[in-house]
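# Fold and contact review
In case you want the letters, here they are:
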Amino acid sequence: MVKLSELQLKEIIVIDDGRRLGHITDLEINGNSGKIIAIVVDAREKKSGGMFSKADELLISWDQIVRIGSDVILVKEVQGPDLYRGA
């Protein structure tokens with residue numbers, strides 16, 4: 001079993017081009033089955049919005065995960081519109 005705190009230490013990398021997406025901040029879980037549907041990742045792009053502004057979050061489907069390694073998580077190409085905009 002892997003804990004969320006362990007997953008949060010791993011960097012998310014797109015396997016197609018080596019792009020670094022950031023780190024897991026949360027999980028989306030199916031309330032009925034208890035299975036993980038998606039991971040939520042802080043967008044790496046830094047935007048000026050002040051100290052209390054929320055960063056954009058990227059939603060990556062569990063099916064897009066190729067491999068969970070010792071220090072990185074490799075994912076297939078990530079495309080929108082699965083992007084949560086901070087309010």
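Conventions we followed
- Each chain has its residues counted from 1, following the order in which its sequence is written.
- Residues qualify for local features only when their pLDDT is at least 70, as the model is predicted, and side-chain atom pairs are given and counted only at 80 or more; totals for whole chains, interfaces and linings, by contrast, use all residues.
- Calculation of side-chain values draws on the structure's entire complement of heavy atoms; hydrogens and water are dropped beforehand.
- Each reported salt bridge corresponds to a side-chain nitrogen of Lys or Arg within 4 Å of a carboxyl oxygen of Asp or Glu.
- With a 1.4 Å probe rolled over the protein chains alone, any residue whose accessible area is under 20% of its type maximum counts as buried; one over 50% counts as exposed, and the rest are partly exposed.
- Counting from the N terminus, the helices are the DSSP runs of H or I reaching at least four residues and the strands are the DSSP runs of E reaching at least two.

## Structural notes on the pattern of salt bridges
In the structure shown here, the tally under the stated rule is two salt bridges. A salt bridge links Glu11 to Arg20, with the shortest nitrogen-to-oxygen separation between them at 2.8 Å. Among the salt bridges present, the one from Arg19 reaches Asp17, with a minimum N-O distance of 3.3 Å. Arg19 gets classed as partly exposed once you look at its relative accessible area, which sits at 32%.

## Description of the side chain of Glu11
Looking at the element boundaries, Glu11 is found in strand β1 (residues 11–14). The buried category is assigned to Glu11, whose relative accessible area is 12%.

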